[in-house]
Amino acid sequence: MRTIDVSQITATVAKLAVDANYYLSDDIRAALEAGQEREESPLGRAILGQLVENACIARDEQMPICQDTGMAVIFLEVGQDVHITGGSLVDAVNAGVAKGYTEGYLRKSVVGEPLFNRKNTGDNTPAVLHTTIVPGDKIKITLAPKGFGSENMSALKMFKPADGLPAVKKFVIDTIFNAGSNPCPPIVVGIGIGGTMEKAALMAKQALLRPIDKRSSHSEYANLEQELLDLINKTGIGPQGLGGRVTALAVNVEYYPTHIAGLPVAININCHATRHAEAEL
Amino acid sequence: MQEAIRIVTPLTEDKARQLKAGDFVLITGTIYTARDAAHKRMVEALAAGENLPVDFKDQIIYYVGPAPAKPGQPIGSAGPTTSGRMDAYTPRILEEGLRGMIGKGYRSPEVVEAMKKYGAVYFAATGGAAALIAKAIKKYEIVAYQDLGPEALARLTVENFPAIVVIDSQGNNFYNEGQQKYRNI
């Protein structure tokens, strides 16, 4: 049994909140640069250039890539041989979010109650926390700030098994057309297929954490990822929705066993930055 | 890409009507910020017969909720937010003389009709390019609704703020034109 104090979790979450918001990951930067090469629209090329330049300014001047520094979505993989001491795990995570968002000059975008009194909580808490228990004696923390320009364009649908692959493809393309310029294309598309309603949605979010240059390990899903990417890039939406070939940088699909009667499909859209940062304790 | 058109505020109706969908512009001068909550308050104030906190005649509103400024900076990262959320309130503000809006994403048919009627322009700034855009913002002063935090009504001083005319005063829409050109699905 290994002991980890909650103060370590708080400090790590705070650092991840800042890192995820200041630094564009290498896979995304490479995809934006490759996009500039193949984009046919001059305006689209200029916009992709702006996004690369923006990432350099954010890194060099230590400021957020985007002003919408998101709601903090956090994935915790807790080893079953870890003993957490010093207080509540959930409180420690939220203390880390508050510290990171305050000390890192990140925008606080969370309201305490969604419908009747949308008052800002002032420190970007609470986080949306997903915890799984895994073998081992470590804790892996992944923080993915999610802006709502893209989150609002996401969708979920419960298909009949007979609807099959054609319906899934049509749902994806319809969702991308409906999103248009709103999620700040070029986008990254996370798709969850199977499981239950909430499992599909969670997989769609987790799909956004996978590096965009890494395809599914299942060959048919890997082919589906490529086919959907090609289809999305034929929509003409282009960078910022102003027309062009580079509408999406990648499509990542995750899947899970499901019920004989069901075919859940969830699509989580992310903006070009697709921010996330991880650490292991 | 075409040469940038330089705009100095205030943006008069004459100048606005010369801008065409697809034009790349650099804006210099004073612009205002207001998001959903500030718009809601302004429209409610007008309905109650009150004056607005600022005179929007020939002015430009930028839809942005900036990140907090670090010490010594005028503003933190400041990219555009989704304009469609303002659609319910925009025709009423256009009626007050608002000449330009900067944001990202589509607008409702009602907004486009009001833009044609009053001679206004809708610009898109690059969503996500928030650190780059912050470089063009030299000054940030809150004018009203301070309690709204990043959603407060503020006055910005900008130099060469980069934007693209996506809907012009005739209602031409560059999102449609641009996308149709590259669509093969």
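First, a word on what this report is: a plain description of the structure on this page. These figures come from a predicted structure and were not determined experimentally. Per chain, residue numbering runs from 1 following the sequence as it is written. Both sets of labels track the order of writing: A upward for chains, 1 upward for ligands. Per-residue local features of the predicted model are confined to residues with pLDDT of at least 70, and side-chain atom pairs are confined, for both listing and counting, to 80 or more; whole-chain, interface and lining totals are unaffected and use all residues. Values shown for side chains rest on all heavy atoms present in the structure; no hydrogens or waters enter the calculation.

### A closer look at the overall build of chain A
Thinking step 1. Helical segments are the DSSP runs of H or I of at least four residues, strand segments are the runs of E of at least two, and each set is numbered from the N terminus. When its secondary structure is counted, chain A shows eight helices and ten strands.
Thinking step 2. In terms of overall dimensions, chain A is globule-like: its C-alpha atoms have a radius of gyration of 19 Å, near the 19 Å expected for 281 residues.
Thinking step 3. By its C-alpha atoms, chain A is 55 × 50 × 40 Å across when sized along the principal axes.
Thinking step 4. Counting every position in chain A, which comprises 281 residues, the buried fraction comes to 56%.
Thinking step 5. What makes two residues a contact is simply this: any of their non-hydrogen atoms within 4.5 Å. A separation threshold of at least 6 residues defines the contact pool for chain A, and within that pool the share at least 24 residues apart is 81%.
Thinking step 6. Surface accessibility in these figures is a Shrake-Rupley result with a 1.4 Å probe; residues are shielded only by whichever protein chains are displayed. Just so you have it, chain A exposes about 11,600 Å², and 55% of that area is on carbon and sulfur atoms. Within these notes, the globule rule equals 2.2 Å times the number of residues to the 0.38 power, and the radius of gyration is based on C-alpha atoms. Relative accessibility decides the category of a residue: with a 1.4 Å probe and only protein chains considered, values under 20% of the type maximum give buried, values over 50% give exposed, and everything between is partly exposed.

### Concerning the sheet that holds strand 9 (residues 263-270) of chain A
Pairing between the strands of a sheet is mediated by backbone hydrogen bonds and can be parallel or antiparallel.
Residues and elements named next belong to chain A.
Thinking step 1. Criterion used throughout: strands pair if DSSP finds at least two bridges between them. If you walk across this open sheet you meet the four strands as 6-9-7-8, and the pairing is mixed. Two strands in the sheet have a free side with no partner beyond their single neighbour: strand 6 (155-159) and strand 8 (248-258). Across this sheet, the average inter-strand angle for adjacent strands is 15 degrees, counted without regard to direction.
Thinking step 2. Pairing geometry for strand 7 (residues 187-195) and strand 9, over six bridges, is antiparallel. Its bridge partner lying in strand 9, isoleucine 193 is registered against valine 265.
Thinking step 3. Taken strand by strand, helix 7 (residues 197-207) contacts strand 6, strand 7, strand 8 and strand 9, and its axis lies near 150 degrees from that of strand 7.
Thinking step 4. Fitted lines through C-alpha atoms serve as axes, helices being fitted only where they are in contact, and the angles separating the N-to-C directions of these axes extend from 0 to 180 degrees. Helix 8 (residues 219-232) rests against strand 7 and strand 8 of the sheet, and its axis sits at about 140 degrees to strand 8.

### Structural notes on unusual backbone geometry
Residue and element names in this part refer to chain A.
Thinking step 1. Omega for the peptide link from threonine 125 to proline 126 comes to 0 degrees, which places this bond in the cis form.
Thinking step 2. Considering the arrangement of structural elements, one finds proline 126 in the loop between helix 4 (89-103) and strand 4 (128-134).
Thinking step 3. Each neighbour pair has its own omega, and for proline 185 with proline 186 the value is 10 degrees, a cis peptide bond.
Thinking step 4. Relative to the assigned elements, proline 186 resides in the loop between helix 6 (164-179) and strand 7.
Thinking step 5. A positive phi angle, close to 55 degrees, is found at tyrosine 105, a residue other than glycine.
Thinking step 6. With respect to the helices, strands and loops of the structure, tyrosine 105 is situated in the loop between helix 4 and strand 4.

### What about the pairing of strand 4 (residues 100-103) of chain B?
All names here are of chain B.
Thinking step 1. Of the two faces of strand 4, the one carrying Gly100 and Ile102 and the one carrying Met101 and Gly103 are both buried.
Thinking step 2. Looking at chain direction, strand 4 and strand 5 (residues 121-124) are connected through four bridges and run parallel. Across the sheet, the residue bridging to isoleucine 102 is phenylalanine 123, located in strand 5.
Thinking step 3. What joins strand 4 to strand 5 is helix 4 (residues 109-118), and the crossover it makes is right-handed. A clockwise course of the path from the first strand over the helix to the second, judged with the strands pointing away from the viewer, identifies a crossover as right-handed.

### Here we look at the pattern of salt bridges
Residue and element names in this part refer to chain A.
Thinking step 1. What makes a salt bridge here is a side-chain nitrogen of Lys or Arg within 4 Å of a carboxyl oxygen of Asp or Glu, nothing more. Under the criterion given, the structure shown has 28 salt bridges over all chains.
Thinking step 2. In this structure, the salt-bridge partner of glutamate 103 is lysine 99, at a minimum N-O distance of 3.1 Å. With glutamate 103 and lysine 99 both in helix 4 and four residues apart, the pair spans about one turn of that helix.
Thinking step 3. Relative accessible area serves as the criterion here: at 55%, glutamate 103 is assigned to the exposed category.
Thinking step 4. For lysine 146, the salt bridge identified is with glutamate 151, shortest N-O distance 3.1 Å.
Thinking step 5. A single salt-bridge network, built from bridges that share partners, covers Arg210, Arg215, Glu225 and Glu254.

### Digging into the pairing of strand 2 (residues 71-79) of chain A
All names here are of chain A.
Thinking step 1. Most of strand 2 sits out of view: seven of its nine residues are buried.
Thinking step 2. Pairing geometry for strand 2 and strand 4, over seven bridges, is parallel. Pairing of glycine 79 across the sheet is with valine 134, part of strand 4.

### A short note on the packing of aromatic side chains
Geometrically, a pair of aromatic rings is defined through the distance of the ring centres and the angle of the planes.
Thinking step 1. Stacked, edge-to-face and tilted are the three classes for Phe, Tyr and Trp ring pairs, Trp counted by its six-membered ring, which pair at centre distances within 6.5 Å; planes under 30 degrees apart are stacked, over 60 edge-to-face, the rest tilted. In the structure shown here, the tally under the stated rule is six aromatic pairs over all chains.
Thinking step 2. Ring centres of tyrosine 221 of chain A and tyrosine 255 of chain A lie 4.2 Å apart, and the angle between their planes is 5 degrees; on these two criteria the pair is classed as stacked. One end of the pair, tyrosine 221 of chain A, is in helix 8; the other, tyrosine 255 of chain A, is in strand 8, and 34 residues separate them in sequence.
Thinking step 3. Residue classification places tyrosine 255 of chain A among the partly exposed residues on the basis of a relative accessible area of 37%.
Thinking step 4. Plain terms: the ring middles of tyrosine 62 of chain B and phenylalanine 161 of chain B are 4.9 Å apart, the flat faces sit at 80 degrees to each other, and that makes the pair edge-to-face. In this pair, tyrosine 62 of chain B is assigned in strand 3 (residues 60-62) and phenylalanine 161 of chain B in strand 7 (residues 153-167), connecting sequence segments 99 residues apart. By the burial criterion, tyrosine 62 of chain B is buried, and phenylalanine 161 of chain B matches it.

### A closer look at the interface of chain B and chain A
Thinking step 1. Counting residues at the interface gives 41 residues for chain B and 43 residues for chain A.
Thinking step 2. For any pair of parts, buried area is found by adding up, for both, the accessible area (1.4 Å probe) each one loses once the two are put together. Buried surface at the junction of chain B and chain A, both sides included, amounts to about 3,500 Å², of which 59% is carbon and sulfur.
Thinking step 3. Our count for the contact surface shared by chain B and chain A stands at one salt bridge.
Thinking step 4. Between glutamate 61 of chain A and lysine 135 of chain B there is a salt bridge, with its nearest N and O atoms 2.4 Å apart.
Thinking step 5. Within 3.5 Å is the distance limit for a polar contact, defined as a pair of N or O atoms, with the added protein rule that one can donate a hydrogen and the other accept it, and that residues adjacent in sequence qualify only through two side-chain atoms. Connecting chain B to chain A are 19 residue pairs in polar contact (both at pLDDT 80 or more).
Thinking step 6. Going through the elements one at a time, helix 5 (130-134), strand 7 and helix 6 (174-182) of chain B are the ones with two or more residues in the side of chain B that touches chain A.
Thinking step 7. The leading source of residues in the side of chain B that touches chain A is helix 6 of chain B, at five residues.
Thinking step 8. Its residues assigned to classes, the side of chain B that touches chain A shows 23 nonpolar, 13 polar and five charged. Following the grouping adopted for this structure description, the nonpolar residues are Ala, Val, Leu, Ile, Met, Phe, Trp, Tyr, Cys and Pro, the charged ones are Asp, Glu, Lys and Arg, and the polar ones are all others, Gly among them.

Nothing here speaks to function; it is all geometry.
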